[in-house]
Amino acid sequence: MSRVTPTGGADPSAVGPDPWLLRVRGAVLLAACADALGAPFEGLAAVDVAAVDHLLETPPPLRWTDDTALTLALAEHLVRRGGDVDQDELASAFAAEWAAGPDLGYGAGVAAQFARIVAGESWVATSQEAFGGTGSYGNGAAMRVAPVGLLPGLPLAEVARRARRSAQITHAHPLAQDGAVAQAVAVAVAARSRQDTPIDTDLFLAAVATRLRTPQFRSALSIVRVLARRRATPGQIAEAVGNGVAAVESVPAALAVFLADPQRPHDVVRSAIQVGGDTDTIAAMAAAMCGARCGEQGLPVLWGLRLADTRRLWQVSSALAAVDSDRSGGRRPSTRTDQH
Ligand code: R7I
Ligand code: MG
Ligand code: MG
């Protein structure tokens, strides 16, 4: 694989880690840190900034939650399948992940689905029957989907298709599926962005919006556009798009936080937690975008040292960055630096 210089040109003599691997590690590790940092504040309407700052800077270990557990399960599945999504196998992998650690803060609806899958039922039934037959509109499919956007060289249309397929297993509601598509495409575009060039908010959001199916999600993105341009505060973001567990609130909130300040991982995570509401998930999603853009170099050193259970995170990052997406519809080289 060719390497990319800071100005985006290929440098065949360069040594050091593969640039795509740095982006993948940045996304996976920063998201896991953000999940853990946001978790103590999950569900609070108002977040005490001093308490957030205290947690960001003090030594206790960072223990991640269901957001990261399912991200790992999806990433490991993609590695096993050469980047493809096999829905039956992935449903079993998600359910097994839940069964191995059911106390990580899973949503009540999805936990009930996983219990039924473990008992032998088909995901097709459990997903569609959730919440009286509407399917879940929660953000659980979006919070775990970043690895799809980190597959090397996968065209964005294919990122969107695989994100939707990964979502359908537990989230039959179209807004939850649009949330997963938006998050995966945002991570993919961020991972391909040139680090020496500011992100063009309009182009970035257009690349995301074009892959969505619901007018409601598209109109939330048009609010994100205004918030990002204005560099809105966390409070303004929560007020404008919401901060709840619904994908149509929390994914736009994460996008708005990231686009307001895409260069600074520490501040992105801090702001995302201050949005309040579903703090671990908003922070994890914004961090996946930011880590994909800034790479592992942007990970605050103290957070990296504090992060618990890192072995799977490191292993799967390396394996994900090495997936040969050609085999399943992608193309090499993986180090494209355009925004879409
Ligand atoms: O979407 P899901 O995996 O939840 C993810 C959230 C993240 O914040 C994680 O950090 C974890 O805390 O959970 O799980 P679901 O159970 O499908 O949805 C989450 C919640 O959204 C549910 O418990 C409901 O409160 C709500 N919800 C709905 N409520 C009414 N009608 C989701 N869909 C519906 C619905 O159709
Ligand atoms: Mg969680
Ligand atoms: Mg959450």
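Since we're looking at a predicted model, the values are computed, not measured.

Attention now goes to the layout of surface pockets. Its volume calculated, the second largest pocket comes out at about 330 Å³. Lining the second largest pocket are 23 residues, with Gly-107, Ser-136, Gly-138, Asn-139 and Val-245 positioned closest to its centre. Among the elements of the structure, helix 3 (66-80), helix 5 (108-118), helix 7 (140-143) and helix 16 (279-294) are those that each provide at least two residues to the lining of the second largest pocket. For the lining of the second largest pocket, the class distribution of residues is eight nonpolar, nine polar and six charged.

Time to look at the packing of helix 9 (residues 156-168) against helix 10 (residues 174-192). To characterise two packed helices, one gives the angle between the axes of the helices and the distance between these axes. Running from amino to carboxyl end, helix 9 crosses helix 10 at an angle of 140°, the nearest separation of the two axes being 8 Å. The orientation of helix 9 relative to helix 10 falls into the category oblique. Considering the relative orientation of helix 9 and helix 10, their crossing is right-handed. For the pair helix 9 and helix 10, the contacting residues are Leu-156, Val-159, Ala-160, Ala-163, Arg-164, Ala-167 and Gln-168 in the first and Gln-177, Asp-178, Ala-180, Val-181, Ala-184, Val-185, Ala-188, Val-189 and Arg-192 in the second. Residues that form the contact of helix 9 with helix 10 fall into these classes: 11 nonpolar, two polar and three charged.

Glancing now at the coordination of the magnesium ion (ligand 2). Protein coordination at the magnesium ion (ligand 2): the donors are Thr-65 (OG1), Asp-66 (OD), Asp-67 (OD) and Asp-280 (OD), at 2.1 to 2.4 Å from the metal. In primary sequence terms, the donor set of the magnesium ion (ligand 2) follows T-D-D-x212-D. Here the magnesium ion (ligand 2) and the magnesium ion (ligand 3) are spaced 3.7 Å apart, with Asp-280 acting as a shared donor. Side by side, Thr-65 and Asp-66 carry an identical accessibility label, which is buried.

Attention now moves to unusual backbone geometry. At Phe-131, a position not held by glycine, the phi torsion is positive, near 55°. Position of Phe-131 relative to the elements: it lies in the loop between helix 6 (123-129) and helix 7. Owing to a relative accessible area of 55%, Phe-131 belongs among the exposed residues under this scheme. Notably, Arg-231 is not glycine yet its phi reads approximately 50°, a positive angle. Within the secondary structure layout, Arg-231 lies in the loop between helix 12 (215-229) and helix 13 (234-241).

Rules and cut-offs
- Residues numbered from 1 in each chain as written.
- Chains lettered and ligands numbered in written order.
- Predicted model: local features only at pLDDT ≥ 70, side-chain atom pairs only at ≥ 80, totals over all residues.
- Heavy atoms only, no water.
- 1 Å grid on protein atoms, 1.4 Å probe; cavity = no way out; pocket = protein on both sides within 12 Å on 5 of 7 lines; lining within 4 Å.
- Points joined across faces, edges and corners; volume = space filled by probe spheres on them.
- Helix = DSSP H or I, 4+ residues; strand = E, 2+ residues; numbered from the N terminus.
- Nonpolar A, V, L, I, M, F, W, Y, C, P; charged D, E, K, R; others polar.
- Axes fitted to C-alpha atoms, helices over the stretch in contact; angles between N-to-C directions.
- Parallel < 35°, antiparallel > 145°, perpendicular 65-115°, else oblique.
- Left-handed = near helix turned anticlockwise from the far one by under 90°.
- Contact = heavy atoms within 4.5 Å.
- Donors = N, O, S within 2.8 Å, 3.2 Å for Na, K, Ca; no water.
- Buried < 20%, exposed > 50% of the residue type's maximum accessible area, 1.4 Å probe, protein only.

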